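A closer look at the structure
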Amino acid sequence: MGFEWRNIQIGRNDRAILVGMTGCGKTTLARYLIEDKNKLHSVVYDPKASEAISKWTTTQKQYTTFEQIQYAEEERLIYTPNVYEEQNAQIQDEFFSWVYWRYYTRLYIDEAYALIGGTRPSRHLLACLSRGRERGISTITAVQRPRNFPIVLMSEAEHSYIFQLRTPEDRQRITEYTTLSEDAQIDLKEFEFYYFNIKTGLYPRKLKLNL
């Protein structure tokens, strides 16, 4: 992505949210943000067993149980929980607790709708979001339906990447938390997105993934 990519990277301990419908490019952008040479440790939470994420194993080690991943020694990890663990609220929160105590880690949550508890984040996910910076924890969350997810994911984020959204309700939620109008969101084409930084505001023009 060259010069523009450097302008939209996140800081080592920053938080970000990627918003958009399925197939818009969120996962592709997420990989760029995760595999940051300035952030050597990362963990991907992949509860929906994404086919795209399964192809990241050339650079990240994938595990399917919490017991495996909490003893892993690799710097970059993918946790794709099995069916039992994916539906177990206690194990999910224990995973976020492990991330919190791992320190100096970038956490990527692939789809907020898979978080148990709906709009109320678990104790240790909230800790990663609200107190993680002082421990070197950076978070990135992908969201398909912003009207139905824990609002703290957006309110704590310094960076927002806005792709196409299907419904007016979802676009309105984005308008409430950024300066991006609904008309501008409607105008987005395939793989296009807007970047919003809480400190500098809206990037002056649309960007497009170079796939």
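This text gives an overview of the structure that appears in the document. The shown structure was predicted, so the numbers you read here are calculated from the model rather than taken from an experiment.

Rules used throughout
- Residues numbered from 1 in each chain as written.
- Predicted model: local features only at pLDDT ≥ 70, side-chain atom pairs only at ≥ 80, totals over all residues.
- Heavy atoms only, no water.
- Helix = DSSP H or I, 4+ residues; strand = E, 2+ residues; numbered from the N terminus.
- Polar contact = N/O pair within 3.5 Å; in protein donor to acceptor, adjacent residues only side chain to side chain.
- Contact = heavy atoms within 4.5 Å.
- Salt bridge = Lys/Arg side-chain N within 4 Å of Asp/Glu carboxyl O.
- Buried < 20%, exposed > 50% of the residue type's maximum accessible area, 1.4 Å probe, protein only.

**Some thoughts on unusual backbone geometry**
Of note in this structure, A49 is not a glycine but carries a positive phi near 50 degrees. Secondary-structure assignment places A49 in the loop between β2 (42–45) and α3 (51–54). Residue Y103 is not a glycine yet carries a positive backbone phi of 65 degrees. Turning to its location among the elements, Y103 is positioned in the loop between α6 (89–102) and β5 (106–109).

**A closer look at the side chain of S138**
With respect to the element layout, S138 can be found in strand β6 (residues 138–143). In terms of polar contacts, S138 uses its side chain to reach the backbone carbonyl oxygen of D14, at 2.5 Å. If we ignore the near neighbours within four places in the chain, the residues touching S138 are I10, G11, R12, N13, D14, K39, T105, R106 and L107.

**Concerning the environment of R147**
Looking at the element boundaries, R147 is found in the loop between β6 and α8 (152–155). Taking the C-alpha atoms as reference points, R147 and R171, 24 residues apart in sequence, are found 8.6 Å from one another.

**Considering the pattern of salt bridges**
Applying the stated rule across the entire model yields 14 salt bridges. In this structure, R15 and E156 form a salt bridge, with 2.9 Å as the shortest nitrogen-oxygen distance. Here R15 is found in strand β1 (residues 15–19), whereas its partner E156 is found in the loop between α8 and β7 (159–162), with 141 residues between them in sequence. A salt bridge links K206 to E192; the shortest N-O distance between them is 3.3 Å. You can see K206 sitting in the loop between β9 (201–202) and β10 (207–208) and its partner E192 sitting in strand β8 (residues 192–197), a full 14 residues away along the chain. Using a relative accessible area of 14% as the deciding quantity, one classes E192 as buried. Through salt bridges with shared partners, a single ionic network connects D14, R15, R133, E156 and E158.

**Remarks on the environment of D170**
With respect to the helices, strands and loops of the structure, D170 is situated in helix α9 (residues 168–177). Exposure remark for D170: the relative accessible area of 1% places this residue in the buried category. Here the alpha-carbon distance between D170 and N148, two residues 22 residues apart in the chain, equals 8.6 Å. Excluding anything up to four places from it in sequence, D170 contacts Q144, R145, P146, R147 and L165.

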